[in-house]
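# Structural characterization, general
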Amino acid sequence: MTELEQHRKGHLGYLSVLLASALFGSVFTVAKVPLATIDPLALSALTYLVAGLALVPFARASFRLGSRRELRYMALITLFGAVAAPVLLLYGLQQTQASDASILTNGEVLFTIILSSLFFGERPKGRLGLFAVALVVAGLFMATTNMQFSETIIQFNAGNIMILGSMFLWAIDNNVSRRLTTFSAISASKMAMIKSLFGGLLLLAAVAATGRWQAVAAIPADLWAIIIAMSVSGFGAALLFFLEGIRRIGTIKTMSVFSTTPIFGIAIAAVALGESISIFQIIATGLVVTGILLVSRR
């Protein structure tokens, strides 16, 4: 691969992750609407099933895997990232404040980097690398809290624990996905399709087993439109771009860029809801961008 091709691969990787961040950043606001009336387990099943179906054309509907090793890795990322994690996230969102949820979702970045450092040998290089990660985390903390704290963030309530648990499971998913891309030629679109579709089917089976079919049958048409839009963009497309980023630029750089998700969430809320952007959020954006640039250079 020539130097020009390497630069192009890197640029496409960063762009992919930024798109994933923007799309996933919209989920936390949009998901609150169906969660007001729909059971989180049923919503998780529908979301991933629709996302998987939307990805079929991109993956050319190919479910064939090259080896049992690929099958084992796909099973792991499906169970962790498309079954357990989304269920915990949506149940958690029902039971905690939005500001607290934003703070806790930053745990995915930390958990992913820690796991990557411990088990896969991919870690920020030197003190500058650690400092860059710290800048990203500090910026996100400032952006998502606006330096205001609710009483619930220091309490170990069920919603907070569930969201932290989902972030840890997605961190495992991120690292296993990265490992899969190192020995397999499987495309990001195929990986995302299999993971989403089979995750959705497993969750749908859980919905049936627990007698929640009525929750699905009672969904009105206007909520279906919201669910489909959220599933296709916020989960399906975001997952596809995220995996493409991991394949092109690695776990650490991907997670550093993906940590801009709350920033996009703030911007989307400002445009859609007319919310003002504070000075703390502006400073936070500068910290995050600086941290990302430092990590990328390393």
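This write-up is about the structure you can find in this document. All of these numbers come straight from a predicted model, not from anything done at the bench. (Residues numbered from 1 in each chain as written. Predicted model: local features only at pLDDT ≥ 70, side-chain atom pairs only at ≥ 80, totals over all residues. Heavy atoms only, no water.)

## Looking at the overall build of the protein
Under the convention used in this document: Only DSSP runs of H or I reaching four residues or more are called helices, and only runs of E reaching two or more are called strands; each is numbered from the N terminus. Throughout this description, buried means an accessible area under 20% of the type-specific maximum (1.4 Å probe, protein chains only), exposed means over 50%, and partly exposed covers the range between. Should any heavy atoms of two residues lie within 4.5 Å, those residues are considered in contact. Surface exposure here means Shrake-Rupley accessible area, sampled with a 1.4 Å probe, where a residue is shielded only by the protein chains that are shown.
What the protein contains, in helices and strands, is 15 helices and zero strands. The burial tally for the protein puts 50% of its 298 residues in the buried class. In the protein, the proportion of contacts linking residues at least 24 apart, taken out of those at least 6 apart, comes to 91%. For the protein, the accessible area works out to roughly 14000 Å², and carbon and sulfur atoms hold 67% of it.

## Points about a positive patch on the surface
Operational definition: Exposure above 30% relative accessible area and the absence of a salt bridge qualify a residue for a patch, where like charges join within 9 Å and nonpolar side chains (Val, Leu, Ile, Met, Phe, Trp, Tyr) within 5 Å. When a carboxyl oxygen of Asp or Glu is within 4 Å of a side-chain nitrogen of Lys or Arg, the pair counts as a salt bridge. For this count, His and the chain ends are skipped, Lys and Arg are scored as positive, and Asp and Glu as negative. Where a charge lies is defined by one atom per residue type: Lys uses NZ, Arg uses CZ, Asp uses CG and Glu uses CD.
A surface patch of like charges, here positive, comprises Arg-68, Arg-69, Arg-72 and Arg-179. If you tally residues by element for the positive patch, the top one is helix H5 (residues 68–95), at three residues. Structurally, Arg-72 can be placed in helix H5.

## Description of the environment of Pro-57
Following the sequence through the fold, Pro-57 ends up in helix H4 (residues 40–59). Accessibility expressed as a relative area gives 62% for Pro-57, which makes it exposed. Residues Pro-57 and Ser-189 lie 132 residues apart in sequence; the distance between their C-alpha atoms is 9.1 Å.

## Remarks on the packing of aromatic side chains
The cut-off we apply is this: Stacked, tilted and edge-to-face are the three classes assigned to paired rings of Phe, Tyr and Trp, where Trp is represented by its six-membered ring and a pair needs centres within 6.5 Å; plane angles under 30 degrees give stacked, over 60 edge-to-face, the rest tilted.
A complete count under the given rule lists seven aromatic pairs for this structure. Measuring from ring centre to ring centre gives 6.2 Å for Phe-24 and Trp-170, while their planes differ by 80°; the resulting arrangement is edge-to-face. Of the two residues, Phe-24 sits in helix H1 (residues 3–25) while Trp-170 sits in helix H9 (residues 158–183), which places them 146 residues apart along the sequence. Here the two residues Phe-24 and Trp-170 agree in accessibility, since each one is buried. With centroids separated by 4.9 Å and ring planes inclined at 65°, the aromatic side chains of Phe-242 and Phe-258 adopt a geometry described as edge-to-face. Of the two residues, Phe-242 is situated in helix H12 (residues 221–249) and Phe-258 in helix H13 (residues 251–258); the sequence distance between them amounts to 16 residues.

## With respect to the pattern of salt bridges
Evaluated as defined, the whole model comprises four salt bridges. Here Lys-195 makes a salt bridge to Asp-173, at a shortest N to O gap of 2.4 Å. With Lys-195 in helix H10 (residues 188–209) and Asp-173 in helix H9, the pair connects residues that are 22 residues apart, well separated along the chain. Take Lys-195 and Asp-173: they sit in the same class, and that class is buried. Measuring nitrogen to oxygen at the nearest pair gives 2.4 Å for the salt bridge that ties Arg-247 to Glu-244.

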